[in-house]
Amino acid sequence: MRGYMRASAIAVPLLLFSAFLLVAAGHPIVAVAPTVGAIVLLLAFPYLMTDGIQQQPQPNDSDIGVLRWVRRAAKYAIMMWFFLQPEVESFLRRITDDNAFWDWRLIVPVAVLTIYYIIWGWRRVAHISDRAIYAHFTNADSGSVSTSALT
């Protein structure tokens, strides 16, 4: 399984980079295929898993009742206002019609980020314990992992 997870750690960033290149070349519909492939591969062989230890405590949700709905309504109203601006519309038109992403000054940093995420994912797979991998790929109904099955 660890080998498949390492392959996933390499293939997922490469598939997402190829999807970016397809969008940059003006083929956004075709870019859906590598994006869906990357999502399926990431879900099938997750290299982003942890050992179940929480890194940070869960924050208490201080929003109660009406305040939560007011906050959500305000957030969506601001997002709608942002996307209705004429500058955003001209930017989206420039991306879709004029291939604004097809520029080496944008493609090179995205390629460097892709290489970084490949190396980061490869190293992350090495730090995942066998117990966490076994617990992820076995039936979650049992609730506990027996140590005799891991040895």
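Our subject is the structure that appears above.
Note that this is a predicted model, so its numbers are computed, not measured.

Reading the values: rules and limits
Residues numbered from 1 in each chain as written. Predicted model: local features only at pLDDT ≥ 70, side-chain atom pairs only at ≥ 80, totals over all residues. Heavy atoms only, no water. Salt bridge = Lys/Arg side-chain N within 4 Å of Asp/Glu carboxyl O. Helix = DSSP H or I, 4+ residues; strand = E, 2+ residues; numbered from the N terminus. Buried < 20%, exposed > 50% of the residue type's maximum accessible area, 1.4 Å probe, protein only. Contact = heavy atoms within 4.5 Å. Axes fitted to C-alpha atoms, helices over the stretch in contact; angles between N-to-C directions. Parallel < 35°, antiparallel > 145°, perpendicular 65-115°, else oblique. Left-handed = near helix turned anticlockwise from the far one by under 90°. Nonpolar A, V, L, I, M, F, W, Y, C, P; charged D, E, K, R; others polar. 1 Å grid on protein atoms, 1.4 Å probe; cavity = no way out; pocket = protein on both sides within 12 Å on 5 of 7 lines; lining within 4 Å. Points joined across faces, edges and corners; volume = space filled by probe spheres on them.

## With respect to the pattern of salt bridges
The final tally for this structure, using the stated rule, is two salt bridges. For Arg93, the salt bridge is made with Glu89, and the minimal N-O distance between the two is 2.9 Å. With Arg93 and Glu89 both in helix α4 (residues 86-98), this residue pair falls four residues apart, about one helical turn. The exposure class assigned to Glu89 is partly exposed, which follows from its relative accessible area of 46%. Arg105 is the partner of Asp103 in a salt bridge, and the nearest nitrogen-oxygen pair spans 3.0 Å. Look at Asp103 and you get partly exposed, because its relative accessible area is 24%. On the basis of relative accessible area, Arg105 is assigned to the exposed category, the value being 58%.

## A look at the side chain of Thr114
Here Thr114 shows up in helix α5 (residues 104-127). Those residues in contact with Thr114 that lie beyond four places of it in its chain are Pro13, Leu14 and Phe17.

## Some words on the packing of helix α1 (residues 2-24) against α5
Direction vectors running N to C along α1 and α5 enclose 165°, while the axes themselves pass 9 Å from each other. Relative to α5, α1 is oriented roughly antiparallel. Crossing angle aside, the handedness with which α1 passes α5 is right-handed. Contacts between α1 and α5 involve Arg2, Met5, Arg6, Ala9, Ile10, Pro13, Leu14, Phe17, Phe20 and Leu21 from the first element and Leu106, Ile107, Val110, Ala111, Thr114, Tyr117, Ile118, Gly121, Trp122, Val125 and Ala126 from the second. A per-class count over the contact of α1 with α5 returns 17 nonpolar, two polar and two charged.

## Brief notes about the layout of surface pockets
Taken as a whole, the largest pocket spans an internal volume of roughly 220 Å³. Per-element accounting of the lining of the largest pocket gives the leading share, five residues, to α1. Of the residues in the lining of the largest pocket, the class split is 13 nonpolar, one polar and no charged.

## So, the packing of α1 against helix α2 (residues 32-44)
Where α1 contacts α2, the axes come no closer than 8 Å and their chain directions differ by 160°. Looking at the two axes, α1 sits roughly antiparallel to α2. Judged by the sense of rotation from one axis to the other, the crossing of α1 with α2 is left-handed. Each of Ser8, Ala11, Val12, Leu15, Leu16, Ser18, Ala19 and Leu22 in α1 lies in contact with α2, whose residues at this interface are Pro34, Thr35, Gly37, Ala38, Leu41 and Leu42.

Purely spatial values, then, with no claim about function.
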